[in-house]
Amino acid sequence: MEPVDHRERPVNTPIAGAPRRVVVGVSGATGTALAVRTLQLLGAAGVERHLVVSPAARRTAAYEMPDARLERDAEVVHSFRDIGASIASGSYPVDAMIVIPCSVKTLGAIAAGVSENLLVRAADVTLKERRRLVLCVRETPLHLGHLRAMVTATEIGAIIAPPMPAFYSMPESLDDVVDHIVARALSLIGVHVPGAPPWQGEPASAARTARDGAQSQAGSAGPAGSSLPESGRPSR
């Protein structure tokens, strides 16, 4: 059985409006880099991190990022098999949970409510307590069973957020792609990532909108600040 590490370490002051405690589940799908970056950015935001890693995720991590140590970026590390852990109870205060990456096996177990391990149990608790649960499902292509599990998970309250790359952000490296995916996923649980501003529209479109707005205001003002145009007729 994996050791249970309940050591608490000091955390930073959370940013305004952000969750204070988040459960991070890591399952066996490809995407170890996404999990690593999620933990790092949550820590930078001052969020207390509770981590649950499946055996399959550890095997994937050993292949994809042999030097990765997920545990060092979490305040509390729970054993995957410790069904009696604090986060297995709805009475333990947690603000949100994110499973990144989320395998289809874990997706299916969550959708069916089969809480045979702590990762799925914590997700089930998140749903029953009406807290936000984000599942970053990583699989392709998808068969009908996968799609139905996504529908079921959505119907019971989860948010399905596949880790899709966004090319409109003009990424220059794989790290840029990872950062954008993770920042988008964290925004779904109320965590703002500095340096990842929301889309503001195309520059030409934004400039056109500002110009049209200025012209509209100038045309509606009229002489001496009147709400009518200079002709004295109401504008269309």
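This text goes with the structure placed above it.
Each residue is numbered by its place in its chain's sequence as written, counting from 1. Local features in a predicted model are, by the rule used here, given only for residues with pLDDT of at least 70; side-chain atom pairs are given and counted only at 80 or more, and totals for whole chains, interfaces and linings are based on all residues. Remark: hydrogens and water are excluded; side-chain values derive from all non-hydrogen atoms of the structure.

Caption draft 1: Structural detail: the overall build of the protein chain. Put simply, DSSP marks the helices as runs of H or I at least four residues long and the strands as runs of E at least two long, and each gets a number from the N terminus on. When its secondary structure is counted, the protein chain shows seven helices and six strands. Reading the protein chain from its N terminus to its C terminus gives the helix and strand order β-α-β-α-β-β-α-α-β-α-β-α-α. The criterion used for residue contact is that any of the two residues' heavy atoms lie within 4.5 Å. Counting contacts in the protein chain only where the partners sit at least 6 residues apart, residues at least 24 apart contribute 79% of the total. Just so you have it, the protein chain exposes about 13300 Å², and 54% of that area is on carbon and sulfur atoms. Accessible surface area values rest on a Shrake-Rupley calculation with a 1.4 Å probe, where residue burial reflects the displayed protein chains alone.

Caption draft 2: Quick peek at the pairing of strand E2 (residues 48-53). Summarising burial for E2: six of the six residues are buried, a large majority. When a residue's accessible area, from a 1.4 Å probe over protein chains only, is under 20% of the maximum for its type it is buried; when over 50% it is exposed; and in between it is partly exposed. Residues Glu48, His50 and Val52 of E2 are buried on one face, and the alternating residues Arg49, Leu51 and Val53, pointing to the opposite face, are buried as well. Strands are treated as partners if at least two bridges between them are detected by DSSP. Bridge count for strand E1 (residues 21-26) against E2 is six bridges, and the pairing is parallel. Of the residues in E2, the one forming a bridge with arginine 21 is glutamate 48. Looking at chain direction, E2 and strand E3 (residues 76-78) are connected through three bridges and run parallel. Across the sheet, histidine 50 pairs through a bridge with valine 76, a residue of E3. In the classification by handedness, the crossover that spans E2, the intervening helix H2 (residues 55-64) and the parallel E3 is right-handed. Convention used here: a crossover is right-handed provided that the path from the first strand, over the helix, to the second strand proceeds clockwise when the strands point away from the viewer.

Caption draft 3: Geometry of the packing of helix H3 (residues 104-112) against helix H4 (residues 118-128). With axes taken as lines fitted to C-alpha atoms, and helix axes fitted only over the stretch in contact, angles between N-to-C directions fall between 0 and 180 degrees. Running from N to C, H3 and H4 cross one another at 45°; their axes reach a closest spacing of 9 Å. The angle between H3 and H4 places the two elements in the oblique class. Both H3 and H4 take part in a crossing whose hand is right-handed. Contacts between H3 and H4 pair Thr106, Ala109 and Ile110 from the former with Leu119, Val120, Ala123 and Leu127 from the latter. A per-class count over the contact of H3 with H4 returns six nonpolar, one polar and no charged. Orientation categories follow fixed angle ranges, with anything under 35 degrees roughly parallel, anything over 145 roughly antiparallel, 65 to 115 roughly perpendicular, and all other angles oblique. Two helices crossing with the near one rotated counterclockwise from the far one by less than a right angle form a left-handed crossing, whereas a clockwise rotation gives a right-handed crossing. Amino acid classes used here: Ala, Val, Leu, Ile, Met, Phe, Trp, Tyr, Cys and Pro are nonpolar; Asp, Glu, Lys and Arg are charged; the rest, including Gly, are polar.

Caption draft 4: View of the nonpolar core. Only buried residues count toward a nonpolar core, which is a set of Ala, Val, Leu, Ile, Met, Phe, Trp, Tyr and Cys residues joined through side-chain atoms within 4.5 Å. Among the nonpolar cores identified, the biggest contains 34 residues, and Val24, Ile98 and Leu186 are the most heavily contacted of them. Elements with a minimum of two residues in this core: E1, helix H1 (32-44), E2, strand E4 (96-102), strand E5 (132-137) and helix H6 (174-187). Per-element accounting of this core gives the leading share, seven residues, to H6. When neighbours within four sequence positions are excluded, leucine 186 is seen to be in contact with Thr38, Leu41, Leu42, Ile98, Val191 and Val193. Formed by 28 residues, the second largest nonpolar core is a distinct cluster that contains Ala88, Val120, Leu127 and Val137.

Caption draft 5: Here's a closer look at unusual backbone geometry. Put simply, isoleucine 100 and proline 101 share a cis peptide bond, and its omega is -10°. Mapping proline 101 onto the fold places it in strand E4. Here threonine 140 and proline 141 are connected by a cis peptide whose omega angle stands at -10°. Locating proline 141 in the fold gives a position in the loop between E5 and helix H5 (144-155). In this structure, arginine 130 takes a positive phi of about 60° despite not being glycine.

Caption draft 6: Representation of the pairing of E4 in the model. Within E4, seven of the seven residues are buried, which leaves the element mostly enclosed by the surrounding structure. Burial along E4 is two-sided: the face carrying Ala96, Ile98, Ile100 and Cys102 and the face carrying Met97, Val99 and Pro101 are both buried. One ladder, built from four bridges, connects E1 with E4; its direction is parallel. Within E4, the position partnered with valine 22 by the bridge is alanine 96.

Caption draft 7: Quick peek at the side chain of arginine 49. With respect to the element layout, arginine 49 can be found in strand E2. Classification of arginine 49 as buried rests on a relative accessible area of 9%. Polar contacts, as counted here, are pairs of nitrogen or oxygen atoms within 3.5 Å of one another; within protein the pair requires one atom able to donate a hydrogen and one able to accept it, and residues that are adjacent in sequence qualify only if both atoms are side-chain atoms. Polar side-chain contacts of arginine 49 include one of 2.8 Å to the backbone oxygen of leucine 39. There is a polar contact of 2.6 Å between the side chain of arginine 49 and the side chain of glutamate 75.

Such coordinate-based values are descriptive only and should not be taken to indicate function.
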